[in-house]
There are 2 protein chains.
Amino acid sequence: MDPTICAACKYLRRKCPQDCILAPYFPSSNPQRFACVHKIFGASNVTKMLQQVPGHLRAEAAECISYEATARVQDPVYGCVGIITQLQQQITQIHSEIMKIKGEMVAHRSAHPQHLPSPQPQGEPSWFSSTHRQEQDNFQSDKHLSGNF
Amino acid sequence: MDPTICAACKYLRRKCPQDCILAPYFPSSNPQRFACVHKIFGASNVTKMLQQVPGHLRAEAAECISYEATARVQDPVYGCVGIITQLQQQITQIHSEIMKIKGEMVAHRSAHPQHLPSPQPQGEPSWFSSTHRQEQDNFQSDKHLSGNF
């Protein structure tokens, strides 16, 4: 293994320039990482994606790109969206549970006002934020996906 | 707009064959959808990704690919992973809140055993499933991403 050539340039059988934009994020010690990203996005697209973000954010962008590629290799139908769906389902489930508990607390408090602290105001709790609703709206607006979410 | 040629073949300026694998999912009525997917994944990779999933799952795969591409265009650093992070943070926040409420209920039940129904068994509630923990483990195992989760 030649440490002076990054995994991307090695995979693409090309000379690795000193200013190779992929080198810091795809070291030769982890060839599988680039192979996965290359399979899903292609080297050219990954290069463009990294070029368009500021230098100090490229490491995080490369991690996220790698995460997305891995998710799609592992789940060729849903990829990252499968993880998003699972998390949204969990939140919906928790929402039902927490509203039930709060309902019980409100009912109990009415009967025994001195026993429990005040619950949150009626309606959605603070954590069920507009962000979550927005994400759900984005999903639900898609007619093909709506059956799954 | 020629309805006999799909958005993909039109974008790529090629003849749209009768058995074009992209045509059912990238109609000429929505050229932006293919443009976005093409920018992030490339036509060749999208074609390969659709070819490797069974026919009855291709529509969903195309939707998810399109969703991922849109997320990355909108957020060039984090893409879909940004949405996953937000959802995980929400779940962690709710987990803290629900455990606090359940703690209050347990304390109250000890003092007033006749007033409230039995809480869930101690430990993680049912919705804080092994799936969620697995996803968090996957994230946490990534040294670059771990700072954000």
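Note that residues are indexed from 1 along each chain, following the sequence as it is written. Chains carry letters from A onward and ligands carry numbers from 1 onward, assigned in written order. A pLDDT threshold of at least 70 governs which residues receive local features in this predicted model, and a stricter bar of 80 or more applies before side-chain atom pairs are shown or counted, although totals over entire chains, interfaces and linings include all residues. The side-chain values count all of the structure's non-hydrogen atoms but skip hydrogen atoms and water molecules.

1. Observations concerning the overall build of chain A
Okay, step 1: Secondary structure summary: chain A contains six helices and zero strands in total.
Okay, step 2: The helix and strand labels rest on DSSP assignments: H or I over at least four residues marks a helix, E over at least two residues marks a strand, and numbering proceeds from the N terminus. The secondary structure elements of chain A, listed N-terminal to C-terminal, are α-α-α-α-α-α.
Okay, step 3: The cut-offs for exposure are 20% and 50% of the maximum accessible area for each residue type, with area from a 1.4 Å probe on protein chains only; residues under the lower value are buried, those over the upper are exposed, and the others partly exposed. Counting over 149 residues, chain A shows a buried share of 46%.
Okay, step 4: Per-residue accessibility takes into account occlusion by the displayed protein chains alone, with areas from the Shrake-Rupley method and a 1.4 Å probe. Summed over all atoms, the accessible surface of chain A reaches about 7,600 Å², with 52% contributed by carbon and sulfur.

2. Considerations on unusual backbone geometry
Okay, step 1: At Arg13(A), a position not held by glycine, the phi torsion is positive, near 50 degrees.
Okay, step 2: One can find Arg13(A) in the loop between helix H1 (7-11) and helix H2 (31-40).

3. A word on the environment of Gly103(B)
Residue and element names in this part refer to chain B.
Okay, step 1: Along the polypeptide, Gly103 turns up in helix H5 (residues 79-111).
Okay, step 2: Taking the relative accessible area as the measure of exposure, Gly103 reaches 37% and is therefore partly exposed.
Okay, step 3: Considering only alpha carbons, one finds Gly103 and Lys48, 55 residues apart in sequence, at a separation of 52 Å.

4. Quick look at the UniProt feature "domain: LOB" (unreviewed entry) in chain A
Okay, step 1: UniProt positions are given in the numbering used here, feature names are shortened, and annotations may be inferred rather than shown by experiment. With numbering aligned to this structure, UniProt lists the feature "domain: LOB" (unreviewed entry) at residues 4-105 of chain A.
Okay, step 2: Secondary structure within residues 4-105 of chain A divides into 67% helix and 0% strand; the distance between the first and last C-alpha atoms comes to 64 Å.

5. Some details on the packing of helix H4 (residues 58-74) of chain B against H5(B)
Residues and elements named next belong to chain B.
Okay, step 1: At a minimum axis distance of 6 Å, the contact between H4 and H5 shows a crossing angle of 90 degrees. Taken together, the axes of H4 and H5 lie roughly perpendicular to each other. Across the interface between the two elements, Tyr67, Glu68, Ala71 and Arg72 from H4 touch Gly79, Cys80 and Ile83 from H5.
Okay, step 2: When residues are grouped by polarity, Ala, Val, Leu, Ile, Met, Phe, Trp, Tyr, Cys and Pro land in nonpolar, Asp, Glu, Lys and Arg in charged, and all others, Gly among them, in polar. A per-class count over the contact of H4 with H5 returns four nonpolar, one polar and two charged. Axis definition: a line fitted to C-alpha atoms, over the contacting stretch in the case of helices. Angles run 0 to 180 degrees between N-to-C directions. Angle categories are assigned with fixed cut-offs, so that under 35 degrees is roughly parallel, over 145 is roughly antiparallel, 65 to 115 is roughly perpendicular, and the rest are oblique. A contact between two residues is defined here by any heavy atoms of the two lying within 4.5 Å.

6. A few points about the packing of aromatic side chains
Okay, step 1: Only centres within 6.5 Å qualify two rings of Phe, Tyr or Trp (six-membered ring in Trp) as a pair; their planes then separate them into stacked at under 30 degrees, edge-to-face at over 60, and tilted for everything else. Using the criterion set out here, one finds five aromatic pairs over all chains in the structure.
Okay, step 2: Centre to centre, the rings of Phe41(A) and Phe41(B) are 5.1 Å apart; their planes meet at 10 degrees, and the pair counts as stacked. Here Phe41(B) lies in the loop between helix H2 (31-40) and helix H3 (43-51) and Phe41(A) lies in the loop between H2 and helix H3 (43-51), a pairing that spans two chains.
Okay, step 3: Ring plane angle 70 degrees and centroid distance 5.6 Å describe the contact between Tyr11(B) and Phe34(B), whose orientation is recorded as edge-to-face. Highlighted residues: Tyr11(B) in helix H1 (residues 7-11) and Phe34(B) in helix H2, separated in sequence by 23 residues.
Okay, step 4: Classification of Phe34(B) by relative accessible area gives buried; the value is 0%.

7. Digging into the side chain of Thr47(A)
Residues and elements named next belong to chain A.
Okay, step 1: As for its position among the elements, Thr47 is in helix H3.
Okay, step 2: Each polar contact in these results corresponds to two N or O atoms within 3.5 Å; when the atoms are within protein, one needs to be able to donate a hydrogen and the other to accept it, and residues that are neighboring in sequence are counted only if both atoms are side-chain atoms. Of note is the side chain of Thr47, whose polar atom sits 2.8 Å from the backbone oxygen of Ala43.
Okay, step 3: In this structure, Thr47 is in contact with Ile21 and Leu22, ignoring residues within four places of it in sequence.

8. Quick word on helix H4 (residues 58-74) of chain A
Residue and element names in this part refer to chain A.
Okay, step 1: For a helix, the expected span equals 1.5 Å multiplied by the number of residues minus one. Between its first and last C-alpha, H4 extends 24 Å over 17 residues, near the 24 Å set by a 1.5 Å rise per residue.
Okay, step 2: In terms of burial, H4 is a largely internal element, twelve of the 17 residues being buried.
Okay, step 3: Here H4 has its buried residues at Glu60, Ala61, Ala62, Glu63, Cys64, Ile65, Ser66, Tyr67, Glu68, Ala69, Ala71 and Arg72.

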